[in-house]
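An overview of the molecular structure
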Amino acid sequence: MQNGDGFELKDIDSAINEYLANIPNTPEAYQYAKSKLQQYYPSTKSFERSLTQPIKESDAGFRDAIKAAIGDNSSRNYDEAFRYASALVTNPAAAFPTLYTTERFIEMRQLTPQDSSSGQRTSSLTFEADARKEFDRTVQLYVGDPTLVDNINALREKYVTDLLKEERLRESFYQSTTNALGTKSDSTGYSYQQLGETDKLEMRLNLITKGSPKVKSTGISLVDPLKLQDSGGLIGDTYTKLTEYAYDYGIQLPYDVMLKRSKEALLPGGVDVGTDTKAGLDQQKRTLSQMSKAKYTGLASYLDSGLTVSDLAADFRKTKEEQLELAPNSVDIFDEDVQSAITGEKGMLNKFDYILNLRSKPEWRFTKAANETAAGFLDTIAKTWGVYR
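Below is a summary of the structure that appears in this document. (Residues numbered from 1 in each chain as written. Predicted model: local features only at pLDDT ≥ 70, side-chain atom pairs only at ≥ 80, totals over all residues. Heavy atoms only, no water.)

1. Concerning the packing of helix 1 (residues 12-21) against helix 4 (residues 60-90)
- At a closest axis distance of 10 Å, the pairing of helix 1 and helix 4 adopts a crossing angle of 110 degrees. In this view, helix 1 runs roughly perpendicular relative to helix 4, as classed from their interaxial angle. Crossing hand, helix 1 versus helix 4: right-handed. Packed against helix 1, whose contacting residues are Ile12, Asp13, Ala15, Ile16, Asn17, Tyr19 and Leu20, the element helix 4 presents Phe62, Arg63, Ile66, Lys67 and Ile70 at the interface.
- In terms of residue class, the contact of helix 1 with helix 4 is made up of 8 nonpolar, 1 polar and 3 charged. (Axes fitted to C-alpha atoms, helices over the stretch in contact; angles between N-to-C directions. Helix = DSSP H or I, 4+ residues; strand = E, 2+ residues; numbered from the N terminus. Parallel < 35°, antiparallel > 145°, perpendicular 65-115°, else oblique. Left-handed = near helix turned anticlockwise from the far one by under 90°. Contact = heavy atoms within 4.5 Å. Nonpolar A, V, L, I, M, F, W, Y, C, P; charged D, E, K, R; others polar.)

Below, the structure is given as structure tokens:
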């Protein structure tokens with residue numbers, strides 16, 4: 001347990017008795033404290049049975065709930081202290097962590113929900129340690145490799161600060177006139193509405209993907225796409241799928257735009273897709289398909305029939321490689337000549353005209369086929385004038 005100078009060790013029974021001694025000696029105060037500890041009772045029945053026992057010393061269930069809460073708080077304080085000690089190694093001026101006494105920890109627990117109250121209303125802010133763990137879990141799941149996140153430690157603390165700031169804006173004053181048993185009591189205080197899981201996830205992903213100038217972090221916005229794709233996270237996997245789909249439909253978008261779309265595809269509730277990640281990905285693909293139709297107006301009927309721009313461009317790519325004697329697969333869908341052949345408003349260029357365009361390029365004159373054609377032309381002239389070689 002924490003005191004003014006640091007920490008003191010205390011056996012669990014002494015800690016329980018000390019907490020009990022600080023509860024005002026009224027039935028309402030006992031029941032209010034029990035309601036705060038409801039989550040630490042082993043079952044709903046044991047909690048309800050405890051509420052019918054007004055004498056705190058004889059309530060074994062109440063003591064067990066206090067014991068469980070003390071254990072939970074001790075574990076939380078230990079994690080915070082360990083993080084602080086680790087931070088001191090590289091930063092002697094690291095801020096001392098927020099540690100809670102038993103009384104403060106229990107006071108911040110969620111009150112027993114009443115039938116008429118909203119399930120989203122709680123009496124406490126998100127614990128800083130919980131927020132840090134949420135951030136790290138998100139990095140692990142969505143990025144895979146934490147080292148890809150620029151200045152991740154500062155970004156993590158930025159998330160904690162932003163989250164608590166937002167939750168403090170949702171502060172409200174409450175006054176309770178009944179307790180869990182329906183008997184009259186007078187208790188007042190402040191409560192906070194924590195952000196929903198979707199809002200918190202979006203806040204974390206925004207920081208991870210964009211970074212924050214305030215803490216001098218670029219997140220993963222400057223990461224080599226190949227490293228992101230190889231890291232095993234959901235963002236890299238989604239980025240790969242969207243990039244491949246965009247290529248098939250002849251769409252080129254900057255890395256930051258594709259990264260943003262990958263993040264949006266993974267957000268529960270994003271773009272009206274509910275909580276289905278596949279639905280989010282499908283929505284992004286539909287958007288890319290519409291962009292493709294707008295760019296390749298002459299190919300709209302083919303695209304509607306199920307073909308892709310990549311399918312339609314394949315013959316033009318191969319033809320250029322053959323005509324200019326280039327290595328196989330060296331011409332991609334975004335090649336200037338290929339694009340000119342498929343972006344016309346009236347549809348695709350016919351193959352004969354496409355070949356003529358290629359042979360008018362300076363590069364064609366250095367090909368074997370061009371030399372053979374020139375040699376054949378000279379032979380024809382020579383024969384015409386009676387000159388034989």
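2. Focus: the nonpolar core
- If you look at the biggest cluster of nonpolar residues, it comprises 54 residues, and the most contacted ones within it are Val143, Val149, Ile220, Leu228, Ile235 and Ile342.
- The element contributing the most residues to this core is helix 7 (residues 152-168), with 6 residues.
- Formed by 23 residues, the second largest nonpolar core is a distinct cluster that contains Tyr19, Ile66, Tyr100 and Met108. (Core = buried A, V, L, I, M, F, W, Y, C linked by side-chain atoms within 4.5 Å. Buried < 20%, exposed > 50% of the residue type's maximum accessible area, 1.4 Å probe, protein only.)

3. Considerations on helix 6 (residues 128-142)
- For helix 6, spanning 15 residues, the distance from its first C-alpha to its last is 21 Å, which sits close to the expected 21 Å at 1.5 Å a residue.
- Among the residues making up helix 6, those that are buried are Glu128, Ala129, Ala131, Arg132, Glu134, Phe135, Thr138, Val139 and Tyr142.
- Each element contacted by the buried residues of helix 6 is listed here: helix 4, helix 7, helix 8 (197-210), helix 10 (234-248) and helix 11 (255-266).
- Once helix 6 finishes, Gly144 follows within two positions and takes phi at roughly 100 degrees, a positive value. (Expected span 1.5 Å × (residues − 1).)

4. Considerations on the packing of helix 10 against helix 11
- As a packed pair, helix 10 and helix 11 sit with axes 9 Å apart at the nearest point and diverge in direction by 115 degrees. Seen along the crossing, helix 10 lies across helix 11 with a hand that is right-handed. Taking contact as the criterion, the partners of Leu234, Ile235, Thr238, Tyr239, Leu242, Thr243 and Ala246 in helix 10 are, on helix 11, Tyr255, Met258, Leu259, Arg261, Ser262, Ala265 and Leu266.
- Split into classes, the residues belonging to the contact of helix 10 with helix 11 amount to 10 nonpolar, 3 polar and 1 charged.

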